[in-house]
Amino acid sequence: MTVKIHDPNQVKWSKKAISDLFALPFNDLLFKAHQTHREYFAPNEVQVSTLLSIKTGACPEDCKYCPQSARYNTELEKEALMEVQQVLEQAHRAKQTGATRFCMGAAWRNPKDRDMPKLRAMIEGVREMGMETCMTLGMLSAEQATELASAGLDYYNHNIDTAPEFYGDIITTRTFQDRLDTLDNVRSSGMKVCSGGIVGLGEEQSDRVLFISALANMETPPESVPINMLVKVAGTPMENVEDIDPFDFIRTIAVARITMPNSHVRLSAGRESMSDELQALAFFAGANSIFYGEKLLTTANPVAESDQKLFQRLGIKPEAPACNSKQSEEARDEAHA
Ligand code: SAM
Ligand code: DTB
Ligand code: SF4
């Protein structure tokens, strides 16, 4: 069975409606987004995920923003797939620091079948610790998605990255349709979908409308929507792209919140160069998830202590994990015994 992810005949949010949201006066948009946020979520809770690059660099794809593409000289140390034990040590450390979800990323076009036993062991080990699991490994076949789901993977991250109409300017080695096909496989496998994109790639506001439209009109929008601000890495073709107006970044978060009210919207890459005030505005606009810990995949992120301090200053509490980790399952079983 295939699940239609992006059916133009089933539009829930017209391009005009999304464009009208972007065009609202800033305060009107933020007011509307914050109202939606309060209707659907606890207003002062933020989900906390930690990222680990389990296989770094030497990626055959040509994503123009990415420090891990083999095509650009970014002076990144490449590394083979990590050993399971090392990954579990990092996951343990993330849990001690306060993360409730552990996201493992690999610089692959797609995983190979020979990688599956190790990936499986990583998923099982992280679940044993009582953390939610997420992976981002590139394109997945239906069989691979089913295998990861059966190992207990809770979320799969695969971003559409940008508007279908702008996509070809950024990536040429895989199509927008390839991305939708992977998301379709992830959805059909029963895993939760994490998909969003990057703002600040040189796109127009009209491209951001089309980007949000592609996500919000999915039959079931992603449970998790990362909105990354481009991290400009020297050596990539995007290193000198013009900054976007930070208010347009906040507008994108607000429109994502309004159009995907049930989804967690993640304030993702780019926080290292954002002020505390801008991040507070992003939380007000409806962002309720972050990457936590000093590194994203290969680039810097605020250190845990500075995020703890920010949460304290804003009265924000980390969100408790959903009841789908191994530990919660056991707790549930015990409660029902
Ligand atoms: N290789 C896999 C893939 O592309 O699906 C998984 C890892 S890839 C690094 C995951 C996502 O990170 C990309 O889709 C992109 O949205 C984001 N990303 C990569 N480099 C970035 C950068 N310089 N700034 C912001 N986001 C970035
Ligand atoms: C996502 O949307 N952002 C994360 C995660 N999914 C895998 C990655 C951001 C990467 C930023 C550049 C780097 O650190 O290499
Ligand atoms: Fe490879 Fe993913 Fe980077 Fe693209 S975004 S170059 S697929 S690691």
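Note that the structure is a prediction, hence the values are computed from the model and not measured.

Parameters at a glance
Residues numbered from 1 in each chain as written. Chains lettered and ligands numbered in written order. Predicted model: local features only at pLDDT ≥ 70, side-chain atom pairs only at ≥ 80, totals over all residues. Heavy atoms only, no water. Near = heavy atom within 4 Å. Polar contact = N/O pair within 3.5 Å; in protein donor to acceptor, adjacent residues only side chain to side chain. Areas by Shrake-Rupley, 256 points an atom, 1.4 Å probe, with all protein chains shown as cover. Phe/Tyr/Trp six-rings, centres within 6.5 Å; stacked < 30°, edge-to-face > 60°. Helix = DSSP H or I, 4+ residues; strand = E, 2+ residues; numbered from the N terminus. Buried < 20%, exposed > 50% of the residue type's maximum accessible area, 1.4 Å probe, protein only. Lys NZ or Arg CZ within 6 Å of the ring centre and 35° of its normal. Axes fitted to C-alpha atoms, helices over the stretch in contact; angles between N-to-C directions. Left-handed = near helix turned anticlockwise from the far one by under 90°. Contact = heavy atoms within 4.5 Å. Nonpolar A, V, L, I, M, F, W, Y, C, P; charged D, E, K, R; others polar.

Student: What should I look at first to understand the site of ligand 1 in this one?
Tutor: Tyr-65, Thr-136, Asn-159, Asp-161 and Val-231 are the nearest of the 17 residues found near ligand 1. A distance of 3.0 Å is found between a nitrogen atom of ligand 1 and a backbone nitrogen or oxygen belonging to Tyr-65. Protein contact buries 91% of the 560 Å² of open area that ligand 1 shows by itself.

Student: Please explain the packing of aromatic side chains as it appears in this structure.
Tutor: Working definition: an aromatic ring pair is given by the centre-to-centre distance plus the angle between the planes. Considering all chains together, one arrives at three aromatic pairs under this definition. Arranged with centres 6.3 Å apart and planes meeting at 80°, the rings of Phe-283 and Phe-311 form a pair that is edge-to-face. Taken together, the residues Phe-283 in helix H10 (residues 276-284) and Phe-311 in helix H11 (residues 304-314) connect sequence positions 28 residues apart. Each member of the pair, Phe-283 together with Phe-311, is buried. It is Arg-101 that lies over the ring of Tyr-155; its NZ or CZ is 3.8 Å from the centre. Taking the ring centre of Phe-291 as reference, the NZ or CZ of Arg-266 above it sits at 4.5 Å.

Student: Sorry, what's going on with the packing of helix H2 (residues 26-40) against helix H9 (residues 246-259) here?
Tutor: Two quantities define a packed helix pair, namely the angle between the helix axes and the distance between the axes. The geometry of H2 relative to H9 is characterised by a closest axis approach of 9 Å and an angle of 40° between their N-to-C directions. Here H2 runs over H9; the crossing is left-handed. Facing H2, whose interface residues are Phe-26, Leu-29, Leu-30, Lys-32, Ala-33, Thr-36 and His-37, H9 presents Phe-247, Ile-250, Arg-251, Ala-254, Val-255, Arg-257 and Ile-258. Of the residues in the contact of H2 with H9, the class split is nine nonpolar, two polar and three charged.

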